[in-house]
Amino acid sequence: MAKVQEQIESFSQGLIRRNPGEHEFHQAVNEVAENIIPFLQDRPHYQEAQILERLTEPDRIVIFRVSWEDDEGNVRTNRGYRVQHSNCIGPYKGGIRFHPSVSLSILKFLAFEQTFKNSLTGLPMGGAKGGSDFNPKGRSNREIMRFCQAFMAQLWHHIGPYTDVPAGDIGVGEREVGFMFGQYKRLTNQFVGALTGKALHFGGSLIRAEATGYGTVYMLEDMLAHRGDKIAGKTAIVSGSGNVAQYAAEKLIQLGAKVLTLSDSSGFIYDPDGITQEKLDYVKHLKGVERGRISEYAEKYSCEFHADKRPWGVEAALALPCATQNEISADDARLLIENGCIGVSEGANMPTEKQGCDFFVESKIAYAPSKAANAGGVAVSGLEMTQNSMRLSWTRDELDRRLRDIMRDIHQKCVQYGTEGDHVNYVKGANIAGFIKVADAMISTGIL
Ligand code: NDP
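Just so it is clear, the model here is predicted, and its values are computed rather than measured.

Participant: What should I look at first to understand the sheet that holds strand S1 (residues 60-69) in this one?
Facilitator: Each strand in a sheet pairs with its neighbour through backbone hydrogen bonds, running either in the same direction (parallel) or in the opposite one (antiparallel). Strand order in the open sheet formed by five strands is S1-S2-S4-S3-S5, and the pairing between neighbours is mixed. In the strand order of this sheet, the two ends are held by S1 and strand S5 (164-167), each with one partner. When the angles between neighbouring strand axes are averaged without regard to direction, this sheet yields 20 degrees. Summarising the sheet, S1 and strand S2 (residues 75-86) pair through 10 bridges and their orientation is antiparallel. Note that in S2 the partner of Ile61 across the bridge is Val83. Contacting S1, S2, strand S3 (92-98), strand S4 (127-132) and S5, helix H6 (residues 141-155) crosses the sheet at an angle of about 140 degrees to S1.

Participant: Even after reading the chapter, I still don't get the sheet that holds strand S9 (residues 304-307), so can you show me in this structure?
Facilitator: With mixed pairing, seven strands are arranged side by side in an open sheet as S9-S8-S7-S6-S10-S11-S12. Of all the strands in the sheet, just S9 and strand S12 (366-368) have a single pairing partner and so form its edges. Each strand of the sheet is rotated relative to its neighbour by a mean of 15 degrees, with strand direction disregarded. Of the pairings in the sheet, the one linking strand S11 (residues 343-345) to S12 comprises three bridges and is parallel in character. Bridge pairing in S12 places Val344 opposite Tyr367. Most of the contacts of helix H8 (residues 208-226) go to S11, to which it runs at about 150 degrees, and overall it touches strand S10 (318-320), S11 and S12.

Participant: I'm lost on the packing of aromatic side chains in this one. Help?
Facilitator: Considering all chains together, one arrives at 21 aromatic pairs under this definition. A ring pair is formed by Phe39 and Phe435, whose centres lie 6.4 Å apart and whose planes are at 85 degrees; its orientation type is edge-to-face. Of this pair, Phe39 sits in helix H2 (residues 23-40) while Phe435 sits in helix H17 (residues 426-444), and the two are 396 residues apart along the sequence. With a relative accessible area of 0%, Phe435 lands in the buried category. On the basis of an interplanar angle of 75 degrees and a centroid distance of 5.1 Å, the ring pair of Phe181 and Phe191 is categorised as edge-to-face. Pair noted here: Phe181 is in helix H7 (residues 174-188) and Phe191 is in the loop between H7 and H8, with a separation of 10 residues, a long-range link. Phe181 sits in the buried class, given a relative accessible area of 2%. Joined through ring pairs, the aromatic side chains of Phe64, Trp68, Phe98, Phe134, Phe147 and Phe151 make up one cluster. The ring of Phe39 carries Arg43 above its face, with NZ or CZ at 3.8 Å from the centroid.

Participant: What's the story with the domain arrangement of the protein in this structure? I'm lost.
Facilitator: Partitioning the protein into structural domains gives domain 1 (2-55), domain 2 (60-192) and domain 3 (210-368). On a C-alpha basis, the centroid separation for the pair domain 1 and domain 3 is 32 Å. When domain 1 packs against domain 3, close to 460 Å² is buried across both sides, 58% of that on carbon and sulfur atoms. In terms of surface lost to domain 3, no three residues of domain 1 exceed Glu24, Gln27 and Glu31, which account for 77% of the buried area on that side. Taken together, the connections running from domain 1 to domain 3 amount to one salt bridge. Ionic pairing is found between Glu34 and Lys354, a salt bridge with its closest N-O pair at 3.0 Å.

Participant: Explain the pattern of salt bridges here, please?
Facilitator: Once their charged atoms are close, side chains differing in charge can pair, the charge on each being opposite to the other. Considering all chains together, one arrives at 29 salt bridges under this definition. Its salt-bridge partner being Asp169, residue Arg97 comes within 2.6 Å of it at the nearest N-O pair. With Arg97 in strand S3 and Asp169 in the loop between S5 and H7, this pair connects stretches of sequence that are 72 residues apart. A relative accessible area of 4% places Arg97 in the buried class. Here the salt bridges share partners, and the residues they tie into one network are Glu398, Arg401, Arg402, Asp405 and Arg408.

Participant: I keep staring at the side chain of Lys93 and nothing clicks. Help me out?
Facilitator: By the element assignment, Lys93 lies in strand S3. Within the buried core, Lys93 has no salt-bridge partner, and the shortest N-O distance to an opposite charge, that of Asp164, equals 6.9 Å. At 2.8 Å, the side chain of Lys93 forms a polar contact with the side chain of Thr196.

Participant: How do you make sense of empty space enclosed by the protein when you look at a structure like this?
Facilitator: If you roll a probe as big as a water molecule over the atoms, it shows you where there is empty space left. Taken as a whole and assessed by the stated rule, the structure comprises two cavities of 30 Å³ or more. When its volume is computed, the largest cavity comes out at roughly 60 Å³. If you go around the largest cavity, the residues you meet are Glu31, Glu113, Glu346, Met350, Pro351, Thr352, Cys357, Tyr367, Pro369, Ser370 and Lys371. Here the residues of the lining of the largest cavity are counted per class, giving five nonpolar, two polar and four charged.

Participant: Can you help me understand the nonpolar core in this one?
Facilitator: Taken as a class, soluble globular proteins show a tendency for nonpolar side chains to be buried jointly. Core analysis: the biggest nonpolar cluster contains 60 residues, and Leu252, Leu262, Leu318 and Leu320 have the highest contact counts within it. Take this core: its biggest share by element is eight residues, from H8. Other than its neighbours up to four places away in sequence, Leu318 contacts Leu220, Leu224, Ile231, Lys234, Thr235, Ala236, Ile237, Leu252, Cys341 and Gly343.

Participant: Please clarify how the site of the ligand should be interpreted in this entry.
Facilitator: Around the ligand lies a shell of 25 residues, among which Asp169, Thr212, Ser265, Arg293 and Asn349 are the nearest. Contacts to the ligand include Ser241, whose backbone N or O atom sits 3.0 Å from an oxygen atom. Ser265 places a side-chain nitrogen or oxygen 2.4 Å from an oxygen atom of the ligand. Listed by contribution, the elements that provide at least two residues to the shell around the ligand are H8, helix H9 (243-254) and strand S7 (258-264). A class-by-class count of the residues in the shell around the ligand yields five nonpolar, 13 polar and seven charged.

Definitions and limits used
One numbering rule holds for all chains: residues counted from 1, following each sequence as written. Restriction of local features to residues with pLDDT of at least 70 applies here, the model being predicted, together with a cutoff of 80 or more for giving and counting side-chain atom pairs; totals for whole chains, interfaces and linings are based on all residues. As a rule here, side-chain values cover all heavy atoms of the structure and leave hydrogens and water aside. Strands qualify as paired when DSSP identifies two bridges or more between them. Note on conventions: DSSP H or I runs of at least 4 residues are helices, E runs of at least 2 residues are strands, and numbering of each starts at the N terminus. The axes are straight lines fitted to the C-alpha atoms, using for helices just the contacting stretch, and the angles between their N-to-C directions are given from 0 to 180°. Should any heavy atoms of two residues lie within 4.5 Å, those residues are considered in contact. We call Phe, Tyr and Trp rings a pair once their centres come within 6.5 Å, taking the six-membered ring for Trp, and we label the pair stacked below 30 degrees between planes, edge-to-face above 60, and tilted otherwise. Type-normalised accessible area, obtained with a 1.4 Å probe on protein chains alone, sets the label of each residue: buried when under 20%, exposed when over 50%, and partly exposed for intermediate values. In this analysis the charged atom, NZ for Lys or CZ for Arg, is taken to sit over a ring once it is within 6 Å of the ring centre and within 35 degrees of the ring normal. Domain borders in the structure are assigned automatically or taken from a domain database. As used here, buried area is the combined drop in accessible area, with a 1.4 Å probe, of two parts when they are placed together. What counts as a salt bridge is simple: a side-chain nitrogen of Lys or Arg found within 4 Å of a carboxyl oxygen of Asp or Glu. Neither His nor the chain termini are counted; the positive set is Lys and Arg, and the negative set is Asp and Glu. Whenever a nitrogen or oxygen atom comes within 3.5 Å of another N or O atom, the pair is scored as a polar contact, on the condition that within protein one atom can donate a hydrogen and the other can accept it, and that pairs from neighbouring residues in sequence are kept only if both atoms are in side chains. The way it works is a 1 Å grid over only the protein atoms, where trapped points that fit a 1.4 Å probe form a cavity and open points with protein on both sides within 12 Å along at least five of seven lines form a pocket, and then any residue with an atom within 4 Å of a point lines it. Grid points are joined across faces, edges and corners, and a volume is the space filled by probe spheres set on the points. Classes in brief: Ala, Val, Leu, Ile, Met, Phe, Trp, Tyr, Cys and Pro nonpolar; Asp, Glu, Lys and Arg charged; the others, Gly included, polar. By convention a nonpolar core is built from buried Ala, Val, Leu, Ile, Met, Phe, Trp, Tyr and Cys residues, the set being connected through side-chain atoms within 4.5 Å. Each residue is tested against the molecule or strand, and it is near if at least one of its non-hydrogen atoms lies within 4 Å.

Given below as structure tokens:
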């Protein structure tokens with residue numbers, strides 16, 4: 001055991017030395033290494049092929065300037081990125097994020113996680129992530145369009161339906177994907193599925209908007225069922241109020257939970273009566289069309305708004321972080337457990353700090369890490385790619401059924417590789433199951 005600990009420590013030090021200052025990347029890789037290095041002990045073929053070492057070096061990173069003009073005629077310059085992490089099991093695939101906090105470290109962590117997540121879906125997709133430090137808040141529709149066009153004027157060289165297929169993420173929804181797709185089509189003179197998350201009228205897929213949030217709740221449903229429990233009748237706290245949070249809340253409501261909170265970067269609302277479908281429809285309009293603040297919900301429905309706070313102190317049985325990385329600290333994790341939380345399903349990517357994750361695992365609650373819990377989004381993106389290639393569209397029911405099956409299968413893989421006595425360690429299960437498929441493909445395709 002001491003030898004394994006030494007290996008983990010030395011691996012971690014090497015990683016930090018090669019990638020100085022990239023804290024989020026270190027965090028994501030170390031979490032995987034802690035499960036994979038012990039797993040490798042009696043599997044010399046993976047060790048000899050240096051799989052883990054190779055997987056911590058992205059295939060390629062493209063960094064480019066994005067210059068554009070704002071509504072006042074000022075020239076603006078942002079930085080654009082695409083991290084193509086691994087195309088071992090399929091074309092690179094992963095979202096694009098527009099947020100001022102975007103950095104190489106954040107995109108490298110997201111791309112690394114994406115490779116494992118995409119592997120878990122069982123679909124042929126490699127891992128990537130991209131984005132820009134552009135802040136879309138307060139920008140007009142025309143400014144968003146000009147920025148997206150300028151961004152794609154650089155990115156198009158590096159993507160394509162058999163090369164790399166980006167999608168949305170924080171700050172990039174159907175509107176932004178539409179502008180980027182338009183520019184890609186203009187530059188290449190090809191109408192192909194080079195992006196997913198498109199609107200329905202030009203090649204998008206039903207259920208894509210719902211997929212990440214619904215999938216996160218399906219995972220929670222399966223974890224609870226595995227323990228003989230269910231979602232109905234339980235209280236839930238959700239963070240965020242964007243794409244993932246909206247549809248996680250919607251599915252929780254449909255399955256009979258009482259959703260108490262939503263949030264954005266300025267604070268959270270606490271609605272003790274529960275967020276109904278009608279109230280949620282208001283949130284969808286507020287965030288998706290008016291681009292307003294979640295505090296307006298509190299004014300409209302006369303409930304509490306807690307400025308600059310996160311919802312983790314509210315007592316509830318279920319918690320679904322659906323906003324951003326590291327939004328649950330170790331103290332928050334402890335508080336959640338003390339307050340009786342029994343299920344956590346991560347809609348956002350790496351929303352829990354490392355110590356908090358360890359605490360959830362040690363507490364033996366039903367805890368699904370993001371790479372398993374939010375894989376439904378990219379899974380339906382994969383189904384959008386299939387529909388685009390086949391030039392047909394499946395029905396809503398067909399897609400929801402496929403999404404449900406994929407999430408059930410991911411849960412099953414976690415049980416297969418993560419069962420420890422009478423408990424399932426979903427972090428370990430997801431890491432090992434995701435790793436095996438990629439590792440085997442790397443061995444089959446040679447030293448690249
Ligand atoms: P959206 O842009 O639609 O919504 C993001 C939400 O999180 C908003 O409410 C936003 O608040 C809030 N938020 C963003 N950054 C911060 C921050 N630094 N602090 C506090 N709140 C913040 O993004 P998505 O819903 O698409 O993405 C949410 C999470 O889910 C991300 O971690 C993303 O990587 C992950 N994810 C998304 C998938 C998808 O299909 N969209 C797939 C898999 C994972 P505000 O409005 O104030 O900015």
